[in-house]
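A structural walkthrough
Take a look at the letters that make up each chain.
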Amino acid sequence: MATIVTGGQYYGLDGQLLEIKRQLRQPNGYPFDPEELKLHLQKAIEGCFGGTPAFSRDLAKSGWDVIENAQLPWPIAIANLELVSFLGKNEKYISSEEVRRRAKELGANLGQRHAEYLLEHHNEIPAEWQKFCLIFAGTVWRHPDDNLYVPYLCWRGGMCDLNFFLLGCDWDSRGRLVRQRK
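So, how was this worked out
Residues numbered from 1 in each chain as written. Predicted model: local features only at pLDDT ≥ 70, side-chain atom pairs only at ≥ 80, totals over all residues. Heavy atoms only, no water. Helix = DSSP H or I, 4+ residues; strand = E, 2+ residues; numbered from the N terminus. Buried < 20%, exposed > 50% of the residue type's maximum accessible area, 1.4 Å probe, protein only. Contact = heavy atoms within 4.5 Å. Polar contact = N/O pair within 3.5 Å; in protein donor to acceptor, adjacent residues only side chain to side chain. Patch = residues over 30% accessible without salt bridge, like charges linked within 9 Å, V, L, I, M, F, W, Y side chains within 5 Å. Areas by Shrake-Rupley, 256 points an atom, 1.4 Å probe, with all protein chains shown as cover. Salt bridge = Lys/Arg side-chain N within 4 Å of Asp/Glu carboxyl O. Expected span 1.5 Å × (residues − 1). Pairing = 2+ DSSP bridges.

**Section: the overall build of the chain**
- Within the chain, the regular secondary structure consists of 4 helices and 9 strands.
- In the chain, the succession of α and β elements from N to C terminus is α-α-β-β-β-α-α-β-β-β-β-β-β.
- Going through the 182 residues of the chain one by one, you find that 36% of them count as buried.
- Taking the intrachain contacts of the chain between residues at least 6 apart in sequence as the baseline, contacts between residues at least 24 apart amount to 67%.

**Concerning the side chain of arginine 102**
- For arginine 102, the position within the fold is in helix 3 (residues 96–105).
- Only 2.7 Å separates the side chain of arginine 102 from the backbone oxygen of phenylalanine 86, close enough to count as a polar contact.
- Filtering out sequence-adjacent residues up to four positions away, arginine 102 remains in contact with Phe86, Leu87, Gly88, Glu91, Ile94 and Leu177.

**Structural notes on a nonpolar patch on the surface**
- Nonpolar side chains collect at one region of the surface, where Val5, Tyr10, Tyr11 and Leu13 lie side by side and expose about 410 Å² of accessible area between them.
- Along the chain, the position of tyrosine 11 falls in helix 1 (residues 7–24).
- Overall, tyrosine 11 belongs to the exposed group, its relative accessible area being 60%.

**With respect to the pattern of salt bridges**
- By the definition in use, this model includes 13 salt bridges.
- For glutamate 68, the salt bridge identified is with lysine 104, shortest N-O distance 3.4 Å. Residue glutamate 68 is found in strand 1 (residues 65–69), and its partner lysine 104 is found in helix 3; the two are separated by 36 residues along the sequence.
- Given a relative accessible area of 25%, glutamate 68 falls into the partly exposed group.
- Aspartate 146 is paired through a salt bridge with arginine 142; the nearest N and O atoms lie 3.7 Å apart.
- Exposure remark for arginine 142: the relative accessible area of 29% places this residue in the partly exposed category.
- Salt bridges sharing partners connect three or more residues here, namely Glu91, Glu98, Arg101, Arg102 and Glu105.

**Section: unusual backbone geometry**
- Notably, asparagine 90 is not glycine yet its phi reads approximately 70°, a positive angle.
- Locating asparagine 90 in the fold gives a position in the loop between strand 2 (81–84) and strand 3 (93–95).
- Here aspartate 146, not a glycine, exhibits a phi torsion of approximately 80°, which is positive.
- Mapped onto the elements, aspartate 146 comes out in the loop between strand 5 (139–142) and strand 6 (148–156).

**A word on helix 2 (residues 34–45)**
- Given a rise of 1.5 Å per residue, 12 residues ought to cover 16 Å, and the 16 Å separating the end C-alpha atoms of helix 2 matches this to within 8%.
- Sitting at the head of helix 2, aspartate 33 places a side-chain oxygen 2.9 Å from the backbone nitrogen of glutamate 35.

**Details of the pairing of strand 5**
- As defined by bridge partners, strand 1 adjoins strand 5 across 4 bridges and the pair is classed as antiparallel. Bridging from a neighbouring strand, asparagine 69 pairs with threonine 139 of strand 5.
- Pairing of strand 5 with strand 6, which is carried by 2 bridges, proceeds in the antiparallel orientation. Opposite tryptophan 141, over in strand 6, you have tyrosine 149 as the bridge partner.
- Where strand 5 folds back onto strand 6 in an antiparallel hairpin, the turn is made up of 5 residues, including aspartate 146, whose phi is positive at roughly 80°.

Everything listed here is a matter of coordinates, which is why it stays silent on function.
Take a look at the structure:
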């Protein structure tokens with residue numbers, strides 16, 4: 001859920017951003033590690049404060065734990081994404097653990113925040129993608145019962161929905177990984 005930032009809060013945040021820019025322009029150089037600044041700014045862009053990812057659908061509020069959350073390019077543009085099949089020749093299905101391994105291998109290890117972005121911009125998703133379940137294996141949640149789940153987007157009745165798939169079950173040809181075009 002988005003928050004409208006107004007008034008004093010806006011000016012306070014803007015002042016802090018201006019101070020960072022002032023420090024970067026100092027004639028004698030920036031007094032801190034610019035690569036660290038870049039990493040922290042990227043995490044802030046992604047809504048990750050204090051190491052906690054900001055998910056629209058935050059399962060932590062229901063007792064789940066994030067055990068893996070790939071730090072991948074952000075922001076993304078749907079036009080720069082492509083679908084990737086994870087099945088090899090003559091394979092009809094593979095385990096979800098193998099899907100996760102292949103996602104890393106194929107450079108298609110996007111996570112839940114990316115899935116939520118697509119969900120928020122579902123009207124931009126190509127129609128041909130809607131016959132597949134889009135798997136975002138870069139985020140893994142542990143349910144309080146100790147089972148592991150990964151997020152995926154699926155269309156039912158013309159509506160896109162974010163769900164979580166139990167690791168240990170199999171994926172078939174209806175699933176696709178999502179990655180940035182090379």
